[in-house]
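# Analysis of the macromolecular model
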Amino acid sequence: MNALILGSGGREHTLAWKIAQSEKTEKVFIAPGNAGTPSVGINADLNPLDFNQVKEFVLSNNINMVVVGPEDPLVKGIVDFFRNDNQLKDVCIVGPQKDGAILEGSKDFAKEFMFKNNIPTAKYKTFTLNQFDDAVEFMNQLNPPYVLKADGLAAGKGVLIIDDIDEAKASLKEMLNGKFGESSAKVVIEEFLKGIEVSYFVLTDGKNFVLLPEAKDYKRIGEGDTGLNTGGMGAVSPVPFANETFTNKVIERIVKPTINGFAADNIDYRGFVFIGLMNVNGDPYVIEYNVRMGDPETEVVIPRIKSDFTEALYSLKDQSLDKVEFEIDNRTAATVMLVSGGYPESYEKGHTISNIESITDSVLFHAGTKSDNNNVITNGGRVIAITSFGDSINEAVGKSLKNAEAINFNKKYYRTDIGKDLL
Ligand code: AMP
Ligand code: GLY
């Protein structure tokens, strides 16, 4: 079969790498891809948001399966577009339609879905600008810090956590007045949950589901998880505190009610569900749903899957995921992200990356890279994810850090404390 992966980051490189390993896979295309993806497939110069362009490519290259990497095309309805098109309806497309993608596209919808299905999550209320006084009253009832979330997509920047109530009120006003454009026309205010975060990943065909390995990511730019939020600076899987007892709670209290909730609302959800949650004294509470895999979580979750992933993904088409075998590697996978100095604020692009070929004991998943003549150059904030295996977090992270030092480009930066909080 021929597969097309939409996206250009480390997540998409990893998905393409894994899908290419299957005997069932003939060709893998990555659109638009990066400088690393040609080592596992063929880059296609497509815009994932131009659905007609994607359609033309799918038809002319006999694509049997499309995997949508990022959330944007899902929220904008690429899966609905495929299902409603006579020429595309038999293509397996991995990801939910709009009615499922709204779980990530609207925090208010996600909270309502959780409450309706008795899924543990922080207490909340949603407000618009003309309800500002009610919002203030609600805030007065909560204890600090105050959690304010733009309802819509805001590229990971839409959540503010503020200690001081006056500052929180001022920020709320700014948000409702358009700080994040339309995305913050509605704001979810919720109770702060104190605990440690972990993410679970579910693959579902709408009837059956499998739990993929869990992961912890490191979102802040600085050591000790300080400073500005980023897309993610590293990740580790498995997560030691996410033991069998905890995982069973996640399955019974969160995963099953989520899948049943889709059925109850007639949402035909075939794709990934990424559940970000907080472990509060041993009990899981959902912080957010995403309708795609995480980045850089994918770079540790997918390498731990030993079995055929192409077969698993293709089974979503006829809802036969229950017939697919899954085998998971027990070892620890860790990834360390090399980023451009200055990220997540302004940074430079176009620096030559050297020593990539010398790395033998890690897998490099490219994120923001581009080919330039015979060189690989930086082309984004997050540049390369360095994934390694080990028998412990220390061993896996140690290999990635050694290689993070070896690979070079001007203004390279990375965190050296990935996984340390778990030891
Ligand atoms: P989100 O975009 O919803 O993932 O939120 C970004 C980050 O804010 C999360 O990864 C958490 O670290 C934090 N966060 C969100 N909601 C809460 C909450 N209710 N309590 C504590 N931290 C939160
Ligand atoms: N690493 C967080 C995310 O992909 O949303």
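Our structure is the block above this text.
Predicted model, so just to flag it, every value in this text is computed and none were measured.

## Some points on the pairing of strand β20 (residues 375–378)
- Sheet topology note: the strand β19 (residues 369–372)/β20 ladder contains four bridges and is antiparallel. Considered in β20, the bridge of Asp 372 is made with Asn 375.
- Adjacent in sequence and paired antiparallel, β19 and β20 are bridged by two residues, among which Asn 373 carries a positive phi angle near 55°.

## Focus on a negative patch on the surface
- Where like charges cluster on the molecular surface, the negative patch consists of Asp 163, Asp 164, Asp 166 and Glu 167.
- Secondary-structure assignment places Asp 164 in the loop between β8 (159–162) and α8 (165–176).
- Residue classification places Asp 164 among the partly exposed residues on the basis of a relative accessible area of 39%.

## Some remarks on the packing of aromatic side chains
- Per the stated rule, a full pass over the model turns up 15 aromatic pairs.
- Their ring planes at 10° and their centres at 4.4 Å tell us that Phe 262 and Tyr 269 sit as a pair that is stacked. Summarising the burial analysis for this pair, Phe 262 and Tyr 269 share the class buried.
- Aromatic ring contacts, followed pair by pair, group Phe 109, Phe 113, Phe 262, Tyr 269 and Tyr 289 into a single cluster.
- Over the ring of Phe 132 we find Lys 173, and its NZ or CZ is 4.4 Å from the ring centre.

## Some points on the environment of Ala 185
- Among the secondary structure elements, Ala 185 is positioned in the loop between α8 and β9 (186–190).
- The class of Ala 185 is partly exposed, set by a relative accessible area of 29%.
- Each C-alpha atom of the pair Ala 185 and Pro 213 lies 36 Å from the other, and the pair is 28 residues apart in sequence.
- In contact with Ala 185, other than residues within four places in its own chain, are Phe 127, Thr 128, Leu 129 and Leu 176.

## Some remarks on the nonpolar core
- One finds Leu 4, Val 58, Val 66, Ile 78, Phe 82, Ile 275 and Tyr 289 to be the most contacted residues of the largest nonpolar core, which totals 69 residues.
- For this core, the leading source of residues is helix α9 (residues 244–264), giving six residues.
- The residues contacting Ile 78, other than those within four sequence positions of it, are Leu 6, Pro 48, Phe 51, Val 68, Pro 73 and Ile 93.
- The next biggest cluster of nonpolar side chains, apart from the first, holds 34 residues, and it includes Cys 92, Leu 212, Leu 313 and Ala 333.

Basis of the calculations
Residues numbered from 1 in each chain as written. Chains lettered and ligands numbered in written order. Predicted model: local features only at pLDDT ≥ 70, side-chain atom pairs only at ≥ 80, totals over all residues. Heavy atoms only, no water. Pairing = 2+ DSSP bridges. Helix = DSSP H or I, 4+ residues; strand = E, 2+ residues; numbered from the N terminus. Patch = residues over 30% accessible without salt bridge, like charges linked within 9 Å, V, L, I, M, F, W, Y side chains within 5 Å. Areas by Shrake-Rupley, 256 points an atom, 1.4 Å probe, with all protein chains shown as cover. Salt bridge = Lys/Arg side-chain N within 4 Å of Asp/Glu carboxyl O. Lys, Arg positive; Asp, Glu negative; His and termini not counted. Charge placed at Lys NZ, Arg CZ, Asp CG, Glu CD. Buried < 20%, exposed > 50% of the residue type's maximum accessible area, 1.4 Å probe, protein only. Phe/Tyr/Trp six-rings, centres within 6.5 Å; stacked < 30°, edge-to-face > 60°. Lys NZ or Arg CZ within 6 Å of the ring centre and 35° of its normal. Contact = heavy atoms within 4.5 Å. Core = buried A, V, L, I, M, F, W, Y, C linked by side-chain atoms within 4.5 Å.

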